Amino acid sequence: KHLEETCPLQVIKCEFSYAGCGVECQRQHMQAHLKEDVQSHLIKVSQCTITLLNKTEQQQSVIDQQQSIIAQLDNVTEQQQKQIVALTYLHVNVHKPHAFITPPDIVMTEFEKHKKARDRWHSPPFYSHIG
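Residues numbered from 1 in each chain as written. Predicted model: local features only at pLDDT ≥ 70, side-chain atom pairs only at ≥ 80, totals over all residues. Heavy atoms only, no water.

Sorry, what's going on with the overall build of the protein here?
The number of helices and strands found in the protein is 4 helices and 2 strands. Here the contacts in the protein between residues at least 6 apart in sequence split such that 25% fall between residues at least 24 apart. Here the protein displays about 11000 Å² of accessible surface, and carbon together with sulfur accounts for 58% of that area. (Helix = DSSP H or I, 4+ residues; strand = E, 2+ residues; numbered from the N terminus. Contact = heavy atoms within 4.5 Å. Areas by Shrake-Rupley, 256 points an atom, 1.4 Å probe, with all protein chains shown as cover.)

This is the structure in structure tokens:
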């Protein structure tokens with residue numbers, strides 16, 4: 001523990017090594033290094049900050065693009081769901097004219113109403129066999 005935390009002869013890395021300072025010296029000389037290289041450390045930290053800001057901007061741009069794609073996919077999915085309901089309605093009317101099915105616009109209206117209220121909702125009954 002002495003070597004890791006307090007030994008003045010232990011060689012340690014500069015506190016600004018994360019920013020690119022490559023100095024390693026004995027603990028007893030580190031304060032002198034920090035005082036002598038303030039400007040150098042400030043420049044290195046500033047460069048790191050600029051790099052991080054650029055990366056953040058790039059990542060935000062990617063996030064914005066992905067959110068736009070997600071919104072487009074949500075719209076496509078909604079349209080496809082409506083088409084499936086409409087095609088199901090047409091299929092039943094053509095192949096089972098006697099079968100009862102709720103028109104798609106009524107089903108979607110009811111669904112949206114329950115979805116907004118966060119209620120549980122079950123679709124109307126449907127025939128699963130010929131008969």
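How do you make sense of the nonpolar core when you look at a structure like this?
Among soluble globular proteins, nonpolar side chains are generally buried collectively. By size, the foremost hydrophobic cluster in this structure holds 5 residues: Cys14, Cys21, Cys25, Met30 and Leu34. Beyond its immediate chain neighbours, meaning those up to four positions away, Cys14 contacts Cys21, Val23, Met30, His33, Leu34 and His41. (Core = buried A, V, L, I, M, F, W, Y, C linked by side-chain atoms within 4.5 Å. Buried < 20%, exposed > 50% of the residue type's maximum accessible area, 1.4 Å probe, protein only.)

Mind showing me how you'd approach helix 2 (residues 27-36) here?
Because an α-helix packs 3.6 residues into every turn, residues spaced three or four apart end up facing the same way. Every buried residue of helix 2 is accounted for by Met30, His33 and Leu34. The arc enclosing the buried residues of helix 2, seen along the axis, measures out at 95 degrees, which places them on a common side. Away from its buried face by more than 90 degrees, helix 2 exposes Lys35 and Glu36. (Arc of directions from axis to C-beta.)

Help me understand the state of the cysteines, please; the structure alone is not making it clear to me.
Joining two cysteines, a disulfide is a covalent bond between their sulfur atoms. All told, the structure shown has 0 disulfides when counted by the stated rule. You can see Cys14 has no disulfide; the closest cysteine sulfur is in Cys21, sitting 3.7 Å from it. (Disulfide = S-S within 2.5 Å.)

Teacher, can you tell me more about the side chain of His41 here?
Looking at the element boundaries, His41 is found in helix 3 (residues 38-95). Within polar-contact distance, the side chain of His41 engages the side chain of His33 at 3.2 Å. Leave out the neighbours within four places in its chain, and His41 touches Cys14, Phe16, Cys21, His33 and Leu34. (Polar contact = N/O pair within 3.5 Å; in protein donor to acceptor, adjacent residues only side chain to side chain.)

It is not clear to me how the side chain of His33 should be interpreted in this structure. Could you clarify?
Its location among the elements puts His33 in helix 2. Not counting residues up to four positions away in its chain, the partners in contact with His33 are Cys14, Cys21, Val23 and His41.

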